[in-house]
Amino acid sequence: MNRLRAHLSHHGLSLVFGGLMLLALVGQALTGQAAYNDDALSAGLQPISLVTYLGSASFAADVAENWQSEYLQFLLYIVLTVWLVERGSPESKDLGKVGLESDEDQLVGPFAKPESPAWAKAAGWRRSLYSTSLGLVMAVIFLACVLAQFVAGRSAFNEEQLNRLEAPLDWSQYLGSPDFWNRMLQNWQSEFLAVGSMVVLSIYLRQRGSPESKPVGAAHAATGLEG
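Residues numbered from 1 in each chain as written. Predicted model: local features only at pLDDT ≥ 70, side-chain atom pairs only at ≥ 80, totals over all residues. Heavy atoms only, no water.

Let's shift gears to helix 4 (residues 57-83). In a regular helix each residue adds 1.5 Å, so 27 residues correspond to 39 Å; helix 4 covers 39 Å between its end C-alpha atoms and thus fits that length. Burial in helix 4 covers these residues: Ala57, Ser58, Phe59, Ala61, Val63, Ala64, Glu65, Gln68, Ser69, Leu72, Gln73 and Leu75. Looking at the packing, one finds that the buried side of helix 4 touches helix 2 (12-42), helix 3 (50-54), helix 8 (133-163) and helix 10 (178-204). (Helix = DSSP H or I, 4+ residues; strand = E, 2+ residues; numbered from the N terminus. Expected span 1.5 Å × (residues − 1). Buried < 20%, exposed > 50% of the residue type's maximum accessible area, 1.4 Å probe, protein only. Contact = heavy atoms within 4.5 Å.)

What follows deals with the nonpolar core. Among soluble globular proteins, nonpolar side chains are generally buried collectively. Residues Leu72, Phe142, Val146, Phe150, Phe157, Leu169, Tyr174, Phe180, Met184 and Trp188 constitute the largest nonpolar core, which totals 10 residues. Within the residue set of this core, elements represented by two or more residues are helix 8 and helix 10. For this core, the element with the most residues is helix 8, which contributes 4 residues. (Core = buried A, V, L, I, M, F, W, Y, C linked by side-chain atoms within 4.5 Å.)

Further remarks concern the packing of helix 2 against helix 4. In the contact formed by helix 2 and helix 4, the axes pass within 11 Å of each other and the chain directions differ by 135 degrees. When the axes of helix 2 and helix 4 are compared, the pair comes out oblique. Regarding helix 2 and helix 4, the two cross each other, and that crossing is right-handed. Contact residues: Leu25, Gln28, Ala29 and Tyr36 in helix 2; Ser58, Phe59, Asp62, Val63 and Asn66 in helix 4. Of the residues in the contact of helix 2 with helix 4, the class split is 5 nonpolar, 3 polar and 1 charged. (Axes fitted to C-alpha atoms, helices over the stretch in contact; angles between N-to-C directions. Parallel < 35°, antiparallel > 145°, perpendicular 65-115°, else oblique. Left-handed = near helix turned anticlockwise from the far one by under 90°. Nonpolar A, V, L, I, M, F, W, Y, C, P; charged D, E, K, R; others polar.)

On to the side chain of Lys214. Along the chain, Lys214 falls in the segment after helix 10. As a buried residue without a salt bridge, Lys214 has its nearest oppositely charged side chain in Glu86, at a separation of 10 Å. A distance of 2.9 Å separates the side chain of Lys214 from the backbone oxygen of His220, its partner in a polar contact. Here the side chain of Lys214 touches Ala222 through a polar contact of 3.2 Å, landing on its backbone oxygen. (Lys, Arg positive; Asp, Glu negative; His and termini not counted. Salt bridge = Lys/Arg side-chain N within 4 Å of Asp/Glu carboxyl O. Polar contact = N/O pair within 3.5 Å; in protein donor to acceptor, adjacent residues only side chain to side chain.)

Quick look at the side chain of Ser56 now. Looking at the secondary structure, you find Ser56 in the loop between helix 3 and helix 4. A distance of 3.3 Å separates the side chain of Ser56 from the backbone nitrogen of Phe59, its partner in a polar contact.

As a further point, take the packing of aromatic side chains. Enumeration over the complete set of coordinates arrives at 9 aromatic pairs. Ring centres of Phe150 and Trp171 lie 5.6 Å apart, and the angle between their planes is 40 degrees; this geometry places the pair in the tilted category. Of this pair, Phe150 sits in helix 8 while Trp171 sits in helix 9 (residues 171-175); the two residues are 21 residues apart in sequence, bridging distant segments of the chain. Using a relative accessible area of 15% as the deciding quantity, one classes Phe150 as buried. With a centroid separation of 5.7 Å and an interplanar angle of 40 degrees, the aromatic rings of Phe150 and Tyr174 are classed as tilted. (Phe/Tyr/Trp six-rings, centres within 6.5 Å; stacked < 30°, edge-to-face > 60°.)

Next up on the list: unusual backbone geometry. Of note, the phi angle at Glu101 is positive, near 70 degrees, even though the residue is not glycine. Structurally, Glu101 is set in the loop between helix 4 and helix 5 (103-106). Among the residues examined, Glu101 registers a relative accessible area of 27% and is labelled partly exposed.

Glancing now at the packing of helix 8 against helix 10. Viewed as axis vectors pointing N to C, helix 8 and helix 10 meet at an angle of 135 degrees, and their least axial separation amounts to 10 Å. On the basis of the axis angle, helix 8 is oblique to helix 10. Relative to helix 10, helix 8 is oriented so that their crossing is right-handed. Here Phe142, Val146, Gln149, Phe150, Gly153 and Phe157 of helix 8 lie close against helix 10, whose contacting residues are Asp179, Phe180, Arg183, Met184 and Trp188. Per-class residue counts for the contact of helix 8 with helix 10 are 7 nonpolar, 2 polar and 2 charged.

Worth remembering: the numbers are spatial, not functional.
Shown next as structure tokens:
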């Protein structure tokens, strides 16, 4: 029991956020089905079951639309913070550490510690790949979500077109359509606003005990400190 309790406490963040994600996804499915059926009844069509809605292009497009913007946010933040800094923000590296940093700072190769990952100790392509693995995986997930949104979004859009007795769009037409880019950009702008607000507000505001905040008594100009 003590080991289980310790395991749960050591993984509290991932477990809580995973649980919140599932609850929000369930809520999205239930409310999305209700909204879909309201539209269907207004158009003189038959409502669908929750199981049918979960397998629909409409639900898949909505989920992928949100996921791709989140992974884009983290991808850009991971990559841009290598080279860009913000004076006074705990979300930024120290002003003097712009760039990839030295092998000694990164604990790779001859500077690796006994507990360092094996690929951090290796040379050649393995170390290079591992050194960029977080950004690469985020990029792959982002692109996969964009593809899923594109495929499901086109199907959902064409379903509405047919219901209105209008011509469906082929792949190239949908790629250039307002529907596709509106789905993308309406989420991107909110993600960029949220990250930018966090970077700037954390210069002047504090949250005691949070690693996303500087120590309460740290100077506003202190950069790269975590509380």
